[in-house]
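In case you want the letters, here they are:
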Amino acid sequence: AGGGEEDPAYTFMGYEQGARTGLPHGYGEQFPAFLTYRAGVDLQLVDLMRPLCDKGVRPNVFSNILFELHTKRYTKVYIKPSTRRSSARCWRASRWHRR
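Keep in mind that what you see is a predicted model, and the values were worked out from it rather than measured.

**Side note on the overall build of the protein**
On a plain count of helices and strands, the protein comes out with four helices and two strands. Sequence-ordered secondary structure for the protein, helices as α and strands as β, is α-α-β-β-α-α. Per-residue burial for the protein yields a buried fraction of 4% across its 99 residues. If you sum the accessible surface of the protein, you get close to 9,300 Å²; carbon and sulfur atoms cover 57% of it.

What follows is the structure, encoded as structure tokens:
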């Protein structure tokens, strides 16, 4: 480690403009998000945000709408199926014990 070698002077930053366009075979144009130094934003959301803001929807309201949609989807995908399975198991178990 002490051979006089220095650490590389360049660190890859995914949010730099050149990072997306530098992907091989035009994949940068197909990349579905806009990256910032803090997060990634789906380009479909950016396209949806513009007309909603033109119609008076404020960014905090838009954020609340996204949060609600995300929570609803998460509940449908991850919480409700497991609740249905466990309640079905409980129902079968209680039915078996009554016999």
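Now that the structure has been shown, we can carry on.
**Brief notes about helix H3 (residues 43-54)**
Over its twelve residues, H3 extends 17 Å from the first C-alpha to the last, a length consistent with the 16 Å expected when each residue adds 1.5 Å. Directly beyond the C-terminal end of H3, a positive phi value near 100° is found at glycine 56.

**Side note on the packing of aromatic side chains**
Within this structure, the stated rule accounts for one aromatic pair. Between the aromatic rings of tyrosine 74 and tyrosine 78, the centroid separation amounts to 5.0 Å while the plane-to-plane angle is 40°, which identifies the pairing as tilted. Taken as a pair, tyrosine 74 and tyrosine 78 lie in helix H4 (residues 59-98) at a separation of four residues, close to a single helical turn.

**Observations regarding a nonpolar patch on the surface**
A cluster of nonpolar side chains, contributed by Leu23, Tyr27, Phe31 and Leu35, occupies part of the molecular surface with about 330 Å² of accessible area. Assignment of secondary structure puts phenylalanine 31 in the loop between helix H2 (27-30) and strand S1 (33-35). Looking at phenylalanine 31, the relative accessible area reads 31%, which means it is partly exposed.

What counts as what
Residues numbered from 1 in each chain as written. Predicted model: local features only at pLDDT ≥ 70, side-chain atom pairs only at ≥ 80, totals over all residues. Heavy atoms only, no water. Helix = DSSP H or I, 4+ residues; strand = E, 2+ residues; numbered from the N terminus. Buried < 20%, exposed > 50% of the residue type's maximum accessible area, 1.4 Å probe, protein only. Areas by Shrake-Rupley, 256 points an atom, 1.4 Å probe, with all protein chains shown as cover. Expected span 1.5 Å × (residues − 1). Phe/Tyr/Trp six-rings, centres within 6.5 Å; stacked < 30°, edge-to-face > 60°. Patch = residues over 30% accessible without salt bridge, like charges linked within 9 Å, V, L, I, M, F, W, Y side chains within 5 Å. Salt bridge = Lys/Arg side-chain N within 4 Å of Asp/Glu carboxyl O.

In short, the description is geometric, and any link to function would need to be established separately.
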